[in-house]
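Survey of secondary and tertiary structure
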Amino acid sequence: MSGHVTAPAAALADELPSWVTLLRAPNPGPMTLDGTNTWILRAAPGEPAVVVDPGPADEDHLAAIVAHGPVGIVLITHGHPDHTEGSARLHELLGGTHVLAADPAHTIGGEPLTEPGEHLGGFGLTIRLLATPGHTADSVCLLVEHGDERVVLTGDTILGRGTTVVAHPDGHLGDYLASLELLSAYRGIPALPGHGPALADCAAAADFYLAHRRARLDQVRAAVAAGARSAPEVVAAVYADVDRSLWWAAEWSVRAQLEYLGVGARESDPGVSGLEHM
């Protein structure tokens, strides 16, 4: 039986590459783990940095990002507020540096990231866009190469600890499973997540997530067969090991699971905010 996962989905990375710096935002919580990870990638001293996910609109955190300047570009993994709330202010503090996201609503000063496989060259790094919808419709991951080293920035598609919520109705479980299949190809490449510690192997984490999701689907099928029809009823049956204060978030994933299985929920969908973990 699949239980609530709070441990890392793969071995932790022993260390970060020398060209990667982590700035963790001061917004810890049960849904954001230790806080939002802002990743700073710099190919060499003096080269403009690539910033991934500015995080919340916290002036001290944004000032810490600016202190790592010059910054050549800011990239967004998805549009939840804990990753994007500080984007406009950071754009201002950096003097107009472009902020690029898949969603035009979160793109400032440039063109949205719309082409899967698109290469974002420059700054001494090779960055390839991986379209990985599921957690949200606009979720992307970034495969970054520097010399003979590679990393995958996974946003909230894969977390450093525990598993992520499929934020229905924006998120879609079928898309999420396909995205995990895509990420399972990156064997032996470290995953730099949107929350939690870096993982040693993106593919191993994706494999774990796929197994976990499939086990949860089996549990949902069993709950429905036993008579559960609404999302709250399924949550009570399947997520009994999860603190009740988080059941509202579990409902997002359950609604996505019911939709995937072709089972309607009686209640209307709740609104989706910028929280991740389940």
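This one's a predicted model, so the numbers in the text were calculated from it and none came from an experiment.

**Observations concerning the pattern of salt bridges**
For the structure on display, the rule yields 7 salt bridges. The partner of Asp34 in a salt bridge is Arg161, and the shortest N-O contact between them spans 3.3 Å. With Asp34 in the loop between β1 (20-24) and β2 (37-41) and Arg161 in the loop between β9 (149-155) and α4 (173-183), this residue pair connects regions lying 127 residues apart in the sequence. The exposure class assigned to Asp34 is partly exposed, which follows from its relative accessible area of 33%. One salt bridge connects Arg214 with Glu181, and the closest N-O pair in it is separated by 2.8 Å. Residue Arg214 is located in helix α5 (residues 202-225), and its partner Glu181 is located in helix α4; the two are separated by 33 residues in the primary sequence. Note on Arg214: relative accessible area 42%, which makes it partly exposed. One network of salt bridges, with partners in common, ties together Glu59, Arg89 and Glu92.

**Overview of helix α1 (residues 59-66)**
For α1, the set of buried residues is His61, Leu62 and Ile65. The arc that holds the buried residues of α1, viewed along the axis, is 95°, so those residues lie on one side. Those residues of α1 that are buried are in contact with β1, β2, β3 (49-52) and α3 (87-93). N-capping of α1 is provided by Asp58, with a side-chain oxygen placed 3.2 Å from the backbone N of Asp60.

**Looking at the packing of α5 against helix α7 (residues 247-261)**
Relative to each other, α5 and α7 sit at 75°, their axes nearing to 10 Å. Comparing the axis directions of α5 and α7 gives the class roughly perpendicular. Here Arg213, Arg216, Leu217, Val220, Arg221 and Val224 of α5 lie close against α7, whose contacting residues are Ser253, Gln257, Leu258, Tyr260 and Leu261. Per-class residue counts for the contact of α5 with α7 are 6 nonpolar, 2 polar and 3 charged.

**Brief notes about a negative patch on the surface**
Negative charge collects at one region of the surface, where Asp14, Glu15, Asp148 and Glu149 lie side by side. Within the secondary structure, Asp14 is located in the segment before β1.

**Structural notes on the confidence of the model for the protein**
Averaged over all residues, the pLDDT of the protein equals 91, while 92% of them reach at least 70. Between residues 266-278, whose pLDDT stays under 50, and residues either more than four places distant or in other chains, the model counts 63 contacts.

The rules behind each value
The residue count restarts for each chain, going from 1 along the sequence in the order it is written. For a predicted model such as this one, the threshold for reporting local features is a pLDDT of at least 70, and the threshold for listing and counting side-chain atom pairs is 80 or more; totals across whole chains, interfaces and linings nevertheless cover every residue. To get the side-chain values, all heavy atoms of the structure are used, and hydrogens and water are removed first. Each reported salt bridge corresponds to a side-chain nitrogen of Lys or Arg within 4 Å of a carboxyl oxygen of Asp or Glu. Helix numbers and strand numbers start at the N terminus; a helix is a DSSP run of H or I with at least 4 residues, a strand a run of E with at least 2. Each residue's exposure class comes from its accessible area (1.4 Å probe, protein chains only) as a fraction of the maximum for that residue type: buried when under 20%, exposed when over 50%, partly exposed otherwise. Note that the arc is defined by the directions from the helix axis to the C-beta atoms. Here, two residues are considered to be in contact whenever any of their heavy atoms come within 4.5 Å of each other. Polar contact is the term for a pair of N or O atoms within 3.5 Å; when the atoms are in protein, one must be able to donate a hydrogen and the other to accept it, and sequence-neighboring residues count only if both atoms are side-chain atoms. Here an angle of 0 to 180 degrees is reported between the N-to-C directions of two axes, which are lines fitted to C-alpha atoms, with helices fitted over the stretch in contact. Any angle between 65 and 115 degrees counts as roughly perpendicular, while under 35 counts as roughly parallel, over 145 as roughly antiparallel, and the rest as oblique. Classes in brief: Ala, Val, Leu, Ile, Met, Phe, Trp, Tyr, Cys and Pro nonpolar; Asp, Glu, Lys and Arg charged; the others, Gly included, polar. Patches draw on residues past 30% relative accessible area with no salt bridge. Two like charges within 9 Å are joined, as are two nonpolar side chains (Val, Leu, Ile, Met, Phe, Trp, Tyr) within 5 Å. Accessible areas in this description were obtained via Shrake-Rupley with a 1.4 Å probe; residue shielding takes into account the shown protein chains only. Note on charges: Lys and Arg go in the positive column, Asp and Glu in the negative column, and His and the chain ends are not counted at all. To locate a charge, take NZ of a lysine, CZ of an arginine, CG of an aspartate or CD of a glutamate. The quantity called pLDDT is the predictor's confidence in a given residue, expressed from 0 to 100.

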